[in-house]
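Residue strings, one per chain:
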Amino acid sequence: MADESLTTDPGETNADRSFVGSMLAPRYLLGVLGVVAFAAVPFVGISTTQLLVLIGALYFGMFAMSWDVVSGYTGEISFGHALFFAVGGYTSTLLNLEFGLSPSLTIPAGVALAALAGVLIGVPALRIRGPYLSLITLVAPLILLQVFIIYGDVFGGELGLSSPAALVTADEFDLVVTANYYIALGLFLAILLLLFAVTRSNIGSVLTAIREDEDAVAAAGLNVAKFKVFAFVLSAAIGGLAGAMFVHTPVGSPRPSQLLALIVSIEVLIAAILGGMGTIVGAGLGGVFFYFVNDLLNQQEFTIPLVNVGLNEASLLIFALLTMVLIYVLPQGVFPSAIRAGRRLLGRARGNPVATDGGHESDATTPIEQTADRYRRALEELEERIEGDEK
């Protein structure tokens, strides 16, 4: 038998070995391989046009992760998350075009103003929840869009503003695109790691508990409103950062159709649920997948038989229908379901039919089910209140 002292560090604890072992888990190794694959994309013969689409996809993935911080973890569904995306993008653009400030100054300003918008949206969480808060998030971007139209001489109206200064300049456009791709990829990974750390911390546990049973969290003596506001501000700041960076890339522009339109908020909701609501990683990958495939579908001229509708015209409908099907078939989303399937396969290969991190499968309800239950209870409370007033 080999001497254990030759194979282990005398100062290494069981916790250290457990941590190292968890970091070597297959899902983390797959994650590393995924990062390497993304980093190698510019060298595998991909066209400049496709690389531009991937840049947009990465920023949309960041936007999806910012949505997941609030909606996926607290269960407060935001139907107007594009507000933060637009505030960051328009702030950075206006400061650059009107005052000549460099992106290095305008982007942080966009993040700060988006965070302030998060406070204004998050503060109502002190008194309301469920459908009421969702209604506020739905109305807020519609109001902002009307402001943009009324003050069209400042905000460019429905046509938007001209593109601000680029993040990167070079004589060759291919070099500009490649540099922008790596900036987007680096920021995507940084946001992913940040949100992953936050949601796996004690704060993340409280946010998840709020989604599961807000009253129980309040009964435990925790300030629910404080954690909700924190989630909104963090989400808004990251959404604003994504929007502020996006408008300075070759693929982005400060237009309502790209930053503020209601369809943008619907798309990010679909993408996050498709990838895996309440997982951050799944939401990010869902955003990248949605943007890339949606762009691919929009370029197709194929006409769907029987309905006589172009594939490019029905791309969002296709994703919406796919999401509805997946909610029933894979209620956790694609990414979490793939992880669970991989654990089962590994468990069978090792002689253990079920293998998870804790050694057993969880019977807990999914984030979607927990959120739906929250809304159901809120509507029941509203109905009881109305009946009480009538009596």
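Residues numbered from 1 in each chain as written. Predicted model: local features only at pLDDT ≥ 70, side-chain atom pairs only at ≥ 80, totals over all residues. Heavy atoms only, no water.

Digging into the packing of aromatic side chains
Test applied: Pairing of aromatic rings covers Phe, Tyr and Trp, the last through its six-membered ring, and needs centres within 6.5 Å; plane angles under 30 degrees mean stacked, over 60 mean edge-to-face, and all others mean tilted. Exposure is judged per residue with a 1.4 Å probe applied to protein chains only, and the accessible area is read against the type maximum: over 50% gives exposed, under 20% gives buried, and values in between give partly exposed. Strands here are runs of E lasting at least two residues and helices are runs of H or I lasting at least four, both read from the DSSP assignment and numbered beginning at the N terminus.
Enumeration over the complete set of coordinates arrives at 12 aromatic pairs. Judged by centre distance (5.5 Å) and plane angle (70°), the rings of Tyr 181 and Tyr 182 are edge-to-face. On the accessibility criterion, Tyr 181 (0% relative accessible area) is buried. Between the aromatic rings of Phe 290 and Phe 319, the centroid separation amounts to 4.5 Å while the plane-to-plane angle is 50°, which identifies the pairing as tilted. Residue Phe 290 is found in helix 14 (residues 281-298), and its partner Phe 319 is found in helix 15 (residues 315-329); the two are separated by 29 residues along the sequence. Across this residue pair, the class does not change: Phe 290 and Phe 319 are buried. Of the aromatic side chains, those joined through ring pairs into one cluster are Tyr 59, Phe 60, Phe 63, Phe 85, Phe 246, Phe 289, Phe 290, Tyr 291 and Phe 319.

Some remarks on the packing of helix 9 (residues 202-212) against helix 11 (residues 224-246)
How we decide: Orientation is described by lines fitted to C-alpha atoms, with helices fitted over the stretch in contact, and by angles between N-to-C directions that extend from 0 to 180 degrees. Our angle categories are set so that under 35 degrees counts as roughly parallel, over 145 as roughly antiparallel, 65 to 115 as roughly perpendicular, and the remainder as oblique. The contact criterion used is simple: two residues touch if any of their non-hydrogen atoms lie within 4.5 Å. Ten residue types, Ala, Val, Leu, Ile, Met, Phe, Trp, Tyr, Cys and Pro, are classed as nonpolar, four, Asp, Glu, Lys and Arg, as charged, and the remainder, Gly among them, as polar.
Taken N-terminus to C-terminus, the directions of helix 9 and helix 11 make an angle of 110°; their axes are 10 Å apart at the nearest point. Viewed along their axes, helix 9 and helix 11 adopt a mutual orientation that is roughly perpendicular. From helix 9, Ile 203, Val 206, Leu 207 and Ile 210 reach across to helix 11, where they touch Val 224, Phe 227, Lys 228, Phe 230 and Ala 231. Its residues placed into classes, the contact of helix 9 with helix 11 shows 8 nonpolar, no polar and 1 charged.

Structural notes on the pattern of salt bridges
This is how the line gets drawn: Should a side-chain nitrogen of Lys or Arg be within 4 Å of a carboxyl oxygen of Asp or Glu, the pair is scored as a salt bridge.
Inspection of every chain in the model, using the stated rule, returns 2 salt bridges. With its nearest N and O atoms 2.7 Å apart, the salt bridge here joins Lys 228 to Glu 76. Separated by 152 residues along the polypeptide, Lys 228 in helix 11 and Glu 76 in the loop between helix 3 (48-74) and helix 4 (82-99) bring together distant segments of the chain. Residue classification places Glu 76 among the buried residues on the basis of a relative accessible area of 1%. Salt-bridge contacts for Glu 214 lead to Lys 228; the nearest nitrogen and oxygen are separated by 3.2 Å. Of this pair, Glu 214 sits in helix 10 (residues 214-219) while Lys 228 sits in helix 11, placing them 14 residues apart in sequence. Pair check on accessibility: Glu 214 and Lys 228 agree, each one buried. Connected via shared salt-bridge partners are Glu 76, Glu 214 and Lys 228.

Here we look at the confidence of the model for the protein
Low-pLDDT portions of the prediction should not be read for the details of their coordinates. Stated formally: Each residue carries a pLDDT score, the predictor's own confidence in it, on a scale running from 0 to 100.
Taken as a whole, the protein shows an average pLDDT of 83; of its residues, 87% reach a score of 70 or greater. The secondary-structure element of the protein with the lowest mean pLDDT is helix 1 (residues 14-23), recorded at 45, while helix 8 (residues 173-199) shows the highest, at 95. Predicted confidence for residues 1-23 stays below pLDDT 50, and this span has 4 contacts to residues more than four positions away or in other chains. Contacts of residues 355-363 to residues separated by more than four positions or lying in other chains number 13 contacts, the stretch itself having pLDDT below 50.

Some points on a nonpolar patch on the surface
This is how the line gets drawn: Each patch is built from residues that are more than 30% exposed by relative accessible area and take part in no salt bridge. Like charges join if they lie within 9 Å; nonpolar side chains (Val, Leu, Ile, Met, Phe, Trp, Tyr) join within 5 Å. Areas reported as accessible are Shrake-Rupley estimates using a 1.4 Å probe. Residue values count occlusion only from the protein chains shown.
A cluster of nonpolar side chains, contributed by Leu 135, Val 139, Ile 143, Val 147, Ile 150, Tyr 151 and Val 154, occupies part of the molecular surface with about 630 Å² of accessible area. Ranked by the residues each element gives to the nonpolar patch, the list is headed by helix 6 (residues 131-150), at 5 residues. By the element assignment, Val 139 lies in helix 6. A residue is classified by how much of its surface remains accessible, and Val 139, at 34% relative accessible area, is partly exposed.

Topic: the packing of helix 3 against helix 13 (residues 262-275)
Orientation of helix 3 relative to helix 13, taken along the N-to-C sense of each, is 80°, at an axis distance of 9 Å. On the basis of their axis angle, the class for helix 3 and helix 13 is roughly perpendicular. For the pair helix 3 and helix 13, the contacting residues are Phe 60, Phe 63, Ala 64 and Trp 67 in the first and Val 264, Glu 267, Val 268, Leu 269, Ala 271, Ala 272 and Ile 273 in the second. Grouping the constituent residues of the contact of helix 3 with helix 13 by class yields 10 nonpolar, no polar and 1 charged.

Re the nonpolar core
Inside soluble globular proteins, nonpolar side chains tend to come together where they are buried. We count it as follows: Side-chain atoms within 4.5 Å link the members of a nonpolar core, which is a set of buried Ala, Val, Leu, Ile, Met, Phe, Trp, Tyr and Cys residues.
Counting 89 residues, the largest nonpolar core has Tyr 59, Met 62, Met 65, Trp 67, Tyr 181, Ile 191 and Leu 195 as its most contacted members. If one sorts the elements of this core by residue count, helix 3 sits on top with 16 residues. Beyond its immediate stretch of four places on either side in the chain, Leu 195 contacts Met 65, Ser 66, Val 69, Leu 234, Ile 238 and Ile 280.

Re helix 13
Here is the rule: Helices are assigned an expected span. That span is 1.5 Å times one less than the residue count.
Over its 14 residues, helix 13 extends 20 Å from the first C-alpha to the last, a length consistent with the 20 Å expected when each residue adds 1.5 Å. The buried fraction of helix 13 is high, at 11 of 14 residues. Those residues of helix 13 that fall on the buried side of the exposure criterion are Val 264, Ser 265, Glu 267, Val 268, Leu 269, Ile 270, Ala 271, Ala 272, Ile 273, Leu 274 and Gly 275. With its phi angle positive at about 145°, Gly 276 sits one or two positions after the end of helix 13.

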